[in-house]
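Below are the chains, spelled out letter by letter.
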Amino acid sequence: MAIGATIHTFTVQLSDVDRGVYDELQLRVARHPSETAPYMLTRVLAYCLEFEEGIAFSEGVAATDEPAVMVKDLTGALVAWIEVGAPDAARLHTGSMKAQRVAVYTHRDPEKVAAAWAGKRIHRAAEVQLHSFEPGFVERLSDAIERRNTATLTRTEGRVYLELNDASGDSEIHTRSAD
């Protein structure tokens, strides 16, 4: 019998000073058995840092034709395609064709992630934003993940501060284009 996803809940106090977004988020995140804790935490960070009306998680690693996180408008049109980890150039190309905006959040080395895209066809590659964190930030805090989680996430002046359960850390958010 196949092992199913584990559901994690996150209560997040979000204060995104840079974008003027302040909210309390109640998130239910399904973690596929093959999904690492750092990947799942990066999905949660991407959701929070991109939070706006119409945002939703896809089915995660099981969704082959959707991004990890997406934003749809009231008509159901795809507004933002938000990938996590190290997606291949073909996924970014597809996302850029389908959505107005494409972003990638990674807990991996951003230079290696971007190097895999070099010379590959990505529609509007200069507009695709790759966001990364300081080495070790996501990995350290992912050790604090439990089934029920309480977090405070603050972004100000391009820096993110995260308190997750009993752990805390901060990191600059590095951003570059995919090209």
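First, a word on what this report is: a plain description of the structure on this page. Model, not experiment: these values are computed from the prediction.

1. Points about the environment of Asp 23
- By the element assignment, Asp 23 lies in strand β2 (residues 21-31).
- It is 12 Å that separates the C-alpha atoms of Asp 23 and Glu 53, two residues lying 30 residues apart in sequence.
- Among residues more than four places away in sequence, those in contact with Asp 23 are Val 12, Gln 13, Leu 14 and Phe 51.

2. So, the pairing of strand β4 (residues 69-72)
- Relative to β4, strand β3 (residues 55-57) is paired through three bridges, and the arrangement is antiparallel. Following the sheet pairing, Ile 55 is matched in β4 by Val 71.
- Across four bridges, the pairing between β4 and strand β5 (residues 78-84) is antiparallel. Each bridged residue has a counterpart across the sheet, and for Val 69 the counterpart in β5 is Ile 82.

3. Focus on the layout of surface pockets
- Empty space within the largest pocket amounts to approximately 150 Å³.
- If you trace the largest pocket, you find 13 residues lining it, with Glu 50, Arg 101, Tyr 105, Gln 129 and His 131 closest to the centre.
- Taken together, the elements giving at least two residues each to the lining of the largest pocket come down to β6 (101-106) and β7 (129-132).
- Ranked by residues supplied to the lining of the largest pocket, first place goes to β6 with four residues.
- Each residue belonging to the lining of the largest pocket can be placed in one class, and the counts come to five nonpolar, three polar and five charged.

4. Some points on empty space enclosed by the protein
- Enumeration according to the criterion identifies one cavity of 30 Å³ or more in this entry.
- Its boundaries defined by the atoms lining it, the largest cavity holds a volume of some 50 Å³.
- Considering the residues around the largest cavity, the lining is formed by Phe 10, Val 12, Leu 41, Val 44, Leu 45, Cys 48, Ala 151, Leu 153, Leu 162 and Leu 164.
- Secondary structure elements with two or more residues in the lining of the largest cavity: β1 (6-16), α1 (37-49), β8 (148-156) and β9 (159-164).
- Among the elements that take part in the lining of the largest cavity, α1 stands out by supplying four residues, more than any other.
- In terms of residue class, the lining of the largest cavity is built from ten nonpolar, no polar and no charged.

5. Details of the nonpolar core
- Membership of the largest hydrophobic core comes to 41 residues, with the highest contact counts inside it found for Phe 10, Leu 27, Phe 133, Leu 153 and Leu 162.
- Counting residues per element, this core draws most heavily on α1, at ten residues.
- Judged by nonpolar contacts, the second largest core, of 16 residues, contains Ala 89, Ala 99, Leu 130 and Ala 178.

What counts, and where the lines are drawn
Residues numbered from 1 in each chain as written. Predicted model: local features only at pLDDT ≥ 70, side-chain atom pairs only at ≥ 80, totals over all residues. Heavy atoms only, no water. Helix = DSSP H or I, 4+ residues; strand = E, 2+ residues; numbered from the N terminus. Contact = heavy atoms within 4.5 Å. Pairing = 2+ DSSP bridges. 1 Å grid on protein atoms, 1.4 Å probe; cavity = no way out; pocket = protein on both sides within 12 Å on 5 of 7 lines; lining within 4 Å. Points joined across faces, edges and corners; volume = space filled by probe spheres on them. Nonpolar A, V, L, I, M, F, W, Y, C, P; charged D, E, K, R; others polar. Core = buried A, V, L, I, M, F, W, Y, C linked by side-chain atoms within 4.5 Å. Buried < 20%, exposed > 50% of the residue type's maximum accessible area, 1.4 Å probe, protein only.

Everything listed here is a matter of coordinates, which is why it stays silent on function.
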